[in-house]
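# Working through the structure, step by step
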Amino acid sequence: MAADNLPPGALFEQVGTAFFPKLLAGFLAVLSVLLMASARLLPAEANEVIEDEPPDRQAFYGTLAVILLAIPAWSVLGLFATPLIMAGTMVANGARRPAQIVAVSLAATVVVYLVFFRLFTVPVPLGLFGR
Amino acid sequence: MWDNLALGIQEALTWQSLGLMLLGTVWGFIGGALPGIQASTAMALVLPLTWGMPPAGALMMLAAVYVAAEYSGSVPAILIKTPGTSAAVVTTFDGYALQLQGKGGKALSVSLYGGFIGGIIGNVMLIALVLPLSRVALSFGPAEYFAFACLGLALVSSLGGKSVIKGLASATFGVMAATVGIDPFTGTARFTFGSQDLTNGFEATAVLVGLLAVGEVLVQARDATPVQRFTGTVSRALVTWREFRPLLPITLLTGVLGMVIGVLPGAGTTVASLLAYSEARRWSKHPELFGKGSLEGVAAPETANNACVPGAMVPLLAFGIPGSNSAAIMIAALMLHGVTPGPMLFEKDPQVVYGLFAGLFVATFMMLAMGRLCIKPLLKIVSVDKSILLGAVLTLVVVGTYSHQQSLFEVGTALGFGVAGYVMSRYDFSPAACVLGFVLGPIIESAFRRALILSDGSLMVFVTSPVAAVLLLVAVLTFSLPLVRAAYGALSRR
């Protein structure tokens with residue numbers, strides 16, 4: 001639909017800017033129809049997503065939350081968000097020893113600082129602390 | 001050619017290149033040994049770091065990661081029956097049986113020597129094949145390029161997972177994502193929705209890192225299977241020359257086989273190791289030992305998957321078209337440095353191509369030299385807590401994608417594509433095919449539109465060129481034959 005708003009092709013080109021995305025959208029529509037047809041034709045087990053173990057929902061949603069919060073944390077705290085991302089992911093995935101979590105998170109931050117910001121001289125983001 | 005090769009060797013033997021390859025080898029060993037981190041994921045994680053490096057050095061470092069990761073995937077496969085990379089699944093069959101018999105050291109050394117021989121065979125064949133093929137590529141017009149890229153996508157989609165349709169849909173989604181940004185033909189902004197950040201489209205580094213690494217973090221987080229830890233001991237006895245000599249014919253055969261499979265788009269190291277294993281069993285004098293601790297059963301897949309690494313470079317260097325995820329990352333690294341991949345690379349940037357040739361040899365020797373030294377540290381890394389591993393990967397993704405252009409938008413792109421990659425994995429779509437679609441997207445669109453401009457808008461250009469017609473026909477058959485077979489099977493069951 002967004003491709004409909006694109007201008008037509010230049011004089012030298014018959015197909016234009018919108019043609020290729022529209023072609024892809026059409027192809028995806030055909031694939032969707034084929035997918036629905038295969039879901040009807042094939043036996044149910046062929047379409048099932050099989051899992052050996054019950055999923056670890058707490059770890060999954062915890063990690064997803066860290067992913068979603070990573071950008072605001074990085075924009076506010078800059079490099080200081082690194083131990084929070086590390087510690088958050090560790091806690092979400094079952095780490096329970098506070099000493100280990102703190103030590104690993106701080107060590108990861110030091111390694112990141114040394115590799116990225118000292119060795120590869122990327123400007124250190126400091127978020128609000130840098131203003 | 002010899003002058004250029006000398007130039008490449010000179011480039012690979014500078015202290016800077018050797019240092020980068022050493023870093024790449026160490027990181028490849030770590031990444032490959034960690035279950036859940038594929039060789040391509042390990043490469044994707046260091047991709048943002050290559051930004052400040054010379055193009056040849058960046059490619060050499062990525063090649064070293066690739067070579068080392070393909071070997072080290074066999075370490076947990078042999079010791080704890082948990083393959084570090086998907087290609088090492090086959091190595092668990094006999095490698096773990098040997099470890100249970102107290103012959104873990106022999107299995108590890110056979111894997112190392114096999115990988116070394118495979119790497120050398122692959123590198124020699126790469127140099128022999130890629131120059132003639134690049135001349136063929138120079139004769140390709142846009143129609144042929146379009147057809148070749150479509151064939152690559154069709155092969156990747158059909159070999160990638162359970163469903164060809166889902167594979168192709170994933171690849172198409174990748175191509176679609178690549179259309180965002182300024183249209184290079186008309187200068188019109190497409191799907192940017194007024195955002196300045198989207199003007200240049202999604203950054204390849206962020207998309208690749210997101211799909212391959214963040215998606216895998218979510219998959220691993222959801223997976224409640226406890227991490228296998230190594231608790232036993234590894235015998236120090238290595239394989240002797242007397243034991244290894246009978247394996248030489250099978251390593252040579254599977255080395256060539258692995259290289260050839262590597263050249264085929266979409267096939268990759270997993271297919272190579274599986275085929276090598278079944279061929280080795282077919283040719284073996286003792287097929288009954290396969291699965292029960294056969295050294296041939298370790299040598300064959302490990303030789304093939306390391307020979308596959310240079311094989312994957314053939315379509316990349318000769319045609320500028322990646323045939324695997326790892327090759328797609330190499331292309332992304334080239335594009336990051338403004339180097340256009342393809343046959344003209346041999347003329348315009350010989351130090352990059354020949355540096356890569358020489359770098360692959362050096363990386364293979366580094367793998368051999370460090371393979372033995374790294375086993376003990378790798379045992380510790382294999383048993384690392386999952387929470388630390390996932391935290392480290394996520395931290396690397398955030399810092400790595402930010403470091404590229406100091407842009408939070410890129411971090412968001414990586415994380416967003418990561419969630420999309422997870423959803424794909426969860427419902428049997430293929431993030432790998434999506435990665436290839438994203439990298440091939442601009443090549444496909446540009447070739448398609450150029451072909452139509454040259455033919456005055458006639459689609460017949462894809463049929464009147466015999467090469468394009470044959471390639472497109474094979475692509476259509478690759479996609480449609482499994483569908484027809486499945487439909488026929490379903491109808492005959494009713």
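Small disclaimer: the values here were computed from a predicted structure and weren't measured.

## Focus: the overall build of chain A
A count of helices and strands for chain A gives 5 helices and 0 strands. Beginning at the N terminus, the succession of helices and strands in chain A can be written as α-α-α-α-α. Per-residue burial over chain A gives 28% buried out of 131 residues. Counted over contacts in chain A with a minimum sequence separation of 6, partners at least 24 positions apart contribute 46%.

## Focus: the overall build of chain B
What chain B contains, in helices and strands, is 23 helices and 2 strands. A compact globule built from 494 residues would reach a C-alpha radius of gyration of about 23 Å, and chain B, at 22 Å, matches this within 12%. Projected onto its principal axes, the C-alpha positions of chain B cover 70 × 60 × 50 Å. When the 494 residues of chain B are sorted by exposure, 64% land in the buried category.

## Points about helix α21 (residues 431-454) of chain B
Residue and element names in this part refer to chain B. Relative to the 34 Å expected for 24 residues at 1.5 Å per residue, α21 spans 34 Å between its end C-alpha atoms, a close match to the ideal helical length. When the local axis directions of α21 are compared, the greatest deviation, roughly 45°, occurs at L440, which is followed within four positions by the proline P442. One or two steps after α21, the chain reaches D456, where phi turns positive at roughly 60°.

## Some points on the interface of chain A and chain B
Taken together, the contact pairs 52 residues of chain A with 55 residues of chain B. Where the side of chain A that touches chain B is concerned, the elements lending two or more residues are α1 (16-41), α3 (57-77), α4 (82-92) and α5 (98-119) of chain A. Counting residues per element, the side of chain A that touches chain B draws most heavily on α1(A), which supplies 11 residues.

## Structural notes on the environment of B:V339
Here B:V339 is to be found in the loop between α15 (325-336) and α16 (345-348). Look past the residues within four positions of B:V339 in its chain and what remains in contact with it is B:P55, B:L334, B:D349 and B:V352.

## Here's the deal with the confidence of the model for chain B
Close reading of the predicted structure is inappropriate where its pLDDT is low. Residues and elements named next belong to chain B. For chain B, per-residue confidence averages 84 on the pLDDT scale, and residues scoring 70 or more make up 96% of the total. The least confident element of chain B, judged by mean pLDDT, is helix α18 (residues 375-382) at 75; the most confident is helix α20 (residues 408-426) at 91. Confidence estimates for the predicted assembly give a pTM of 0.83 and an ipTM of 0.85.

## Concerning the packing of helix α12 (residues 248-263) of chain B against helix α14 (residues 295-319) of chain B
Residue and element names in this part refer to chain B. Contact geometry of α12 with α14 gives a least axis separation of 6 Å together with a crossing angle of 35°. Our pair here, α12 against α14, has a crossing hand that is right-handed. Residues of the contact of α12 with α14, tallied by class, amount to 16 nonpolar, 8 polar and 1 charged.

## Focus: the nonpolar core
All names here are of chain B. Grouped together as the largest cluster of nonpolar side chains are 211 residues, with contacts concentrated most on L62, V65, F146, A149 and L208. The element that contributes the greatest number of residues to this core is α14, accounting for 15 residues. For A149, the contacting residues outside a window of four places in its chain are I321, L440, I443, I444 and A447.

## Re the confidence of the model for chain A
With 78% of its residues at a pLDDT of 70 or more, chain A has an overall mean of 81. Averaged over each element, pLDDT in chain A is lowest for helix α2 (residues 44-47) of chain A (57) and highest for α4(A) (93).

## Regarding unusual backbone geometry
Residue and element names in this part refer to chain B. Of note in this structure, F193 is not a glycine but carries a positive phi near 50°. Residue position: F193 is located in the loop between β2 (189-190) and α10 (204-222). Within the chain, D428 stands out as a residue other than glycine whose phi angle is a positive 65°. Looking at the element boundaries, D428 is found in the loop between α20 and α21. For D428, a count of 17 C-beta atoms within 10 Å translates into the label partly exposed.

## Comments concerning helix α19 (residues 386-405) of chain B
All names here are of chain B. The terminal C-alpha atoms of α19 lie 30 Å apart, and with 20 residues this matches the ideal 28 Å at 1.5 Å per residue to within 8%. Counting buried positions along α19 gives 19 out of 20 residues, so the element sits mostly inside the fold. Two residues or fewer after α19 comes Q406, characterised by a positive phi angle close to 50°.

## Regarding the packing of helix α4 (residues 55-72) of chain B against α14(B)
All names here are of chain B. One can describe the packing of α4 onto α14 by two numbers: an axis separation of 9 Å at closest approach and a directional angle of 165°. Here α14 runs roughly antiparallel to α4, going by the angle between their axes. In the crossing of α4 with α14, the sense of the turn from one axis to the other is right-handed. The segment α4 lies against α14, with Y66, V67, E70 and Y71 engaging N305, N306 and V309. Its residues placed into classes, the contact of α4 with α14 shows 4 nonpolar, 2 polar and 1 charged.

## Digging into the environment of B:S139
By secondary structure assignment, the location of B:S139 is in the loop between α7 (104-138) and α8 (142-160). Between the alpha carbons of B:S139 and B:K162 there is a distance of 36 Å; along the sequence they are 23 residues apart.

## Some words on the environment of B:E279
All names here are of chain B. With respect to the helices and strands, E279 occurs in helix α13 (residues 268-283). Along the sequence, E279 and T254 sit 25 residues apart, while their C-alpha atoms lie 7.9 Å from each other. Not counting residues within four places of it along the chain, the set of residues in contact with E279 comprises L253, T254 and L257.

Reading the values: the criteria
Residues numbered from 1 in each chain as written. Chains lettered and ligands numbered in written order. Predicted model: local features only at pLDDT ≥ 70, side-chain atom pairs only at ≥ 80, totals over all residues. Helix = DSSP H or I, 4+ residues; strand = E, 2+ residues; numbered from the N terminus. Buried ≥ 20, exposed ≤ 12 C-beta atoms within 10 Å, placed from the backbone. Contact = placed C-beta atoms within 7 Å. Rg over C-alpha atoms; globule rule 2.2 N^0.38 Å. Expected span 1.5 Å × (residues − 1). Bend = angle between axes of the 7 residues up to and from the residue. pLDDT = per-residue confidence, 0-100. Axes fitted to C-alpha atoms, helices over the stretch in contact; angles between N-to-C directions. Left-handed = near helix turned anticlockwise from the far one by under 90°. Nonpolar A, V, L, I, M, F, W, Y, C, P; charged D, E, K, R; others polar. Core = buried A, V, L, I, M, F, W, Y, C linked by C-beta atoms within 7 Å. Parallel < 35°, antiparallel > 145°, perpendicular 65-115°, else oblique.

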